Amino acid sequence: MKPFTYARPSEASEAVAALAADPDARFLAGGTNLLDHLKLGVVEPSQLVDVNRVTSTAIEDLPDGGLRIGAGVPNSDLAADPRVRERYPAVAAAILAGASGQLRNMASTGGNLLQRTRCVYFADPTTPCTKRDLSQGCSAREGWARYHAILGTAADGCIATHPSDLAVALVAVDAQVQVLGPDGARTIPIGELHRLPGDDPTRDTVLAHGDLITAVDLPAPTPAVRNSTYRKVRDRASYAFALVSAAVALEVRDGTVADVRIALGGVAHKPWRATVAEAALRGRPATDDEFRAAIAAELDAAEPVRSPLGGNTFKLPLVTGTVVSTLRGLAGGTA
Amino acid sequence: MSTTIPLTITVDGEPRDLDVDPRTTLLDALRDRLGVTSTKKGCDHGQCGACTVLLDGRRVLACLTLAVAKDGADVVTANGLATDGELHPVTEAFLANDAYQCGYCTPGQICSAVGAIDEARQGMPSAVTSDLTGEVTLDRTEIAERMSGNLCRCAAYVNIVSAVEEASRA
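All values derive from a computational prediction rather than experimental measurement.

Caption draft 1: Representation of helix H3 (residues 106-121) of chain B within the structure. Residue and element names in this part refer to chain B. Here H3 spans 22 Å end to end across 16 residues, near enough to the 22 Å set by a 1.5 Å rise per residue. With 14 of its 16 residues buried, H3 lies for the most part within the structure. Where H3 ends, the next residue or the one after it, Gly123, has phi of about 85°, a positive value.

Here it is, written out as structure tokens:
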């Protein structure tokens, strides 16, 4: 590990200013992803700016019936909060589906959203990776692409997926991300926080250097959000990243879909809001045939990888089965 | 270029002063600087749980924790669980249930189990809790899920689950 200095500011503005003054400085929150990357040599910061004493660890009620989650709230506390469990079940379930008890105690709300892809080539500086270095190619396209993207990819570009479970659920409930940057505070809808790789896969989000997530706001829960859940499909029963996951919220009235939210994990460079499927379902009968047709329409744009080491075409039926069974469960049938 | 930073950490009830390079993990500080070798280094990447300790009462991974960020913290390792010469009920349950083979992962398993039982007592749900808003019952399925961050390459899992089950009823 290359040497770095350590700073622990007492104000959020100081932390932001410290990064603004040093292009090679990094924030340290829970550290669960950053420490791993420091050891692997994926990142080599000059300075770590500890934000643990400048970000809130409180979950507060908002006047509109929503919740404000401090960026420093540990993942385990967020999942255990009675208001989150009752009003935003998909959010609690998504967190509990990720990592381990120890990691959930350490990882922060803000840091969870900013964790990096678990693409094995990204984590291995001895292999080419266009996300680490734009001048290099992508090793996954000709390699082990089991965990990689099928949606929102560009020809020959990065096919990494975003690993956060929490972010997928937050996209389904239309959370708002509060950010303090060198030029002041602003709010970013969670659906616009993460990027598709485009021509710069080195950037996971729209945040600029020095932008600090200070809180995540959940809007007042709609009937669909109160009837939401998170389904994660993985290679082992626990403590593994998603092959495919879905945060789904559904309101059915008189057998008809009144409101539906579907966000997918494990399929794209960002949590994927399935807007095509949602539009296809609104006002339609809540039946398996309709669910299947809607997700098929969403997957029309999918471009699975066919690599020599086994690609990820299996994700097409896996997404379909996951979404259909989750919708069926929420509609009152048997999942 | 990096200089050392002084800090004080309470380890198993005793305040310990040390100067650390900012790169030092809590795990390396415990083992290499303070001589507390019950906390084990397995993968050193947060995948195996062998380095689990209780930090301010919660189970965490010492390998992914920078010592410098934990000035003033209270750390309890498997060494520090006993009180007045009496083994902790979780440690006793591991002995009674033969919940180990080589023993390397055991201190981390025990610290993790202490944390997991405490989390369940607080009503914190897990991924296998059927009703997110209901009571938590620490059955074998719940224990396996809550202990999934601790690997045992000898695969003593069946007896580990039994030990945690027994200790949780104590």
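Caption draft 2: The interface of chain A and chain B, seen in detail. Listed by partner, the interface residues are 40 residues for chain A and 37 residues for chain B. Together, the buried faces of chain A and chain B total about 3100 Å²; carbon and sulfur atoms form 59% of this surface. On the chain A side of the interface with chain B, the three residues burying the most area are Lys39, Arg85 and Gln102 of chain A, jointly 21% of the side's total. Inspection of the region where chain A meets chain B yields 2 salt bridges. The partner of Lys39 of chain A in a salt bridge is Asp44 of chain B, with the nearest N and O atoms 2.9 Å apart.

Caption draft 3: Representation of the pairing of strand S6 (residues 176-181) of chain A in the model. All names here are of chain A. The sheet contact formed by S6 and strand S7 (residues 184-189) spans 6 bridges and is antiparallel. Paired with Gln178 across the bridge in S7 is Thr187. Hairpin remark: S6 followed by S7, antiparallel, with 2 residues in the connecting loop. As defined by bridge partners, S6 adjoins strand S8 (residues 212-218) across 5 bridges and the pair is classed as antiparallel. When the sheet's bridge partners are listed, Val177 is paired in S8 with Val216.

Caption draft 4: Region of interest: the environment of Leu166 of chain A. Residues and elements named next belong to chain A. In this structure, Leu166 sits in helix H8 (residues 165-172). Judged by relative accessible area, which is 0%, Leu166 ranks as buried. Each residue touching Leu166, except ones within four places of it in the same chain, is listed here: Leu78, Val91, Ala94, Ile95, Thr109, Asn112 and Leu113.

Caption draft 5: Molecular detail of helix H1 (residues 26-33) of chain B. Residue and element names in this part refer to chain B. If you check which residues of H1 are buried, you get Leu26, Leu27, Asp28, Ala29 and Leu30. Those residues of H1 hidden inside the fold are in contact with strand S1 (5-11), strand S2 (14-20), strand S3 (52-55) and strand S5 (74-76). Within two residues after H1, Gly35 carries a phi angle of roughly 70°, on the positive side.

Caption draft 6: Spatial organisation of the sheet that holds strand S3 (residues 47-50) of chain A. Residues and elements named next belong to chain A. Spatial ordering of the open sheet is given by S1-S3-S2, a layout of 3 strands whose pairing is parallel. Single-partner strands in this sheet number two, and they are strand S1 (5-7) and strand S2 (25-28). Geometrically, the sheet is characterised by an average inter-axis angle of 25° between neighbouring strands, direction not taken into account. Pairing analysis gives 3 bridges linking S1 to S3, with the strands arranged parallel. In the sheet register, Ala7 faces S3, and the bridge partner there is Val49. Sitting on the sheet, helix H1 (residues 12-20) is in contact with S2 and S3, with an inclination near 150° to S2.

Caption draft 7: Structural view of the domain arrangement of chain B. Residues and elements named next belong to chain B. You can read the domains of chain B as domain 1 (5-80) and domain 2 (89-168). On a C-alpha basis, the centroid separation for the pair domain 1 and domain 2 is 22 Å. If you look at the interface, domain 1 gives 17 residues, while domain 2 gives 15 residues. In total, domain 1 and domain 2 occlude about 1200 Å² of area from one another, counting both sides; carbon and sulfur atoms represent 55% of this. Between the two partners, domain 1 and domain 2, sit 1 salt bridge. Note that Glu119 and Arg59 form a salt bridge whose closest N and O atoms lie 2.8 Å from each other. Linking domain 1 to domain 2 there are 7 residue pairs in polar contact (both at pLDDT 80 or more). At the level of elements, S3 and strand S4 (58-61) are the ones that each hand at least two residues to the side of domain 1 that touches domain 2.

Caption draft 8: Representation of the sheet that holds S4 of chain B within the structure. All names here are of chain B. The strand order S2-S1-S5-S3-S4 describes an open sheet built from 5 strands, whose pairing is mixed. Of all strands in the sheet, those bounded by a partner on one side alone are S2 and S4. For this sheet, the mean inter-axis angle between neighbouring strands, taken without regard to orientation, is 40°. One ladder, built from 4 bridges, connects S3 with S4; its direction is antiparallel. Bridging from a neighbouring strand, Thr52 pairs with Leu61 of S4. On the sheet, H1 packs against S1, S2, S3 and S5 and is oriented at approximately 105° with respect to S2. Sheet contacts for H3: S3, S4 and S5; angle to S3, the most-contacted strand, approximately 45°.

Caption draft 9: Region of the structure containing the packing of helix H5 (residues 89-96) of chain A against H8 of chain A. All names here are of chain A. Running from amino to carboxyl end, H5 crosses H8 at an angle of 170°, the nearest separation of the two axes being 8 Å. On the basis of the axis angle, H5 is roughly antiparallel to H8. Contacts from Ala90, Val91, Ala94 and Ile95 of H5 reach H8 at Asp165, Leu166, Ala169 and Leu170. When its residues are assigned to classes, the contact of H5 with H8 shows 7 nonpolar, no polar and 1 charged.

Caption draft 10: Main features of unusual backbone geometry. We note that Tyr239 of chain A has phi near 55°; this positive angle belongs to a residue other than glycine. Position of Tyr239 of chain A relative to the elements: it lies in the loop between strand S9 (228-233) and strand S10 (244-253). Positive phi outside glycine occurs at Ala155 of chain B, with the angle close to 60°. Looking at where Ala155 of chain B falls in the secondary structure, it is placed in the loop between helix H4 (140-146) and helix H5 (157-168). Judged by relative accessible area, Ala155 of chain B falls into the partly exposed class, the value being 48%.

Criteria and thresholds
- Residues numbered from 1 in each chain as written.
- Chains lettered and ligands numbered in written order.
- Predicted model: local features only at pLDDT ≥ 70, side-chain atom pairs only at ≥ 80, totals over all residues.
- Heavy atoms only, no water.
- Helix = DSSP H or I, 4+ residues; strand = E, 2+ residues; numbered from the N terminus.
- Expected span 1.5 Å × (residues − 1).
- Buried < 20%, exposed > 50% of the residue type's maximum accessible area, 1.4 Å probe, protein only.
- Contact = heavy atoms within 4.5 Å.
- Buried area = accessible area lost by both parts, 1.4 Å probe.
- Salt bridge = Lys/Arg side-chain N within 4 Å of Asp/Glu carboxyl O.
- Pairing = 2+ DSSP bridges.
- Axes fitted to C-alpha atoms, helices over the stretch in contact; angles between N-to-C directions.
- Domains from an automatic or database assignment.
- Polar contact = N/O pair within 3.5 Å; in protein donor to acceptor, adjacent residues only side chain to side chain.
- Parallel < 35°, antiparallel > 145°, perpendicular 65-115°, else oblique.
- Nonpolar A, V, L, I, M, F, W, Y, C, P; charged D, E, K, R; others polar.

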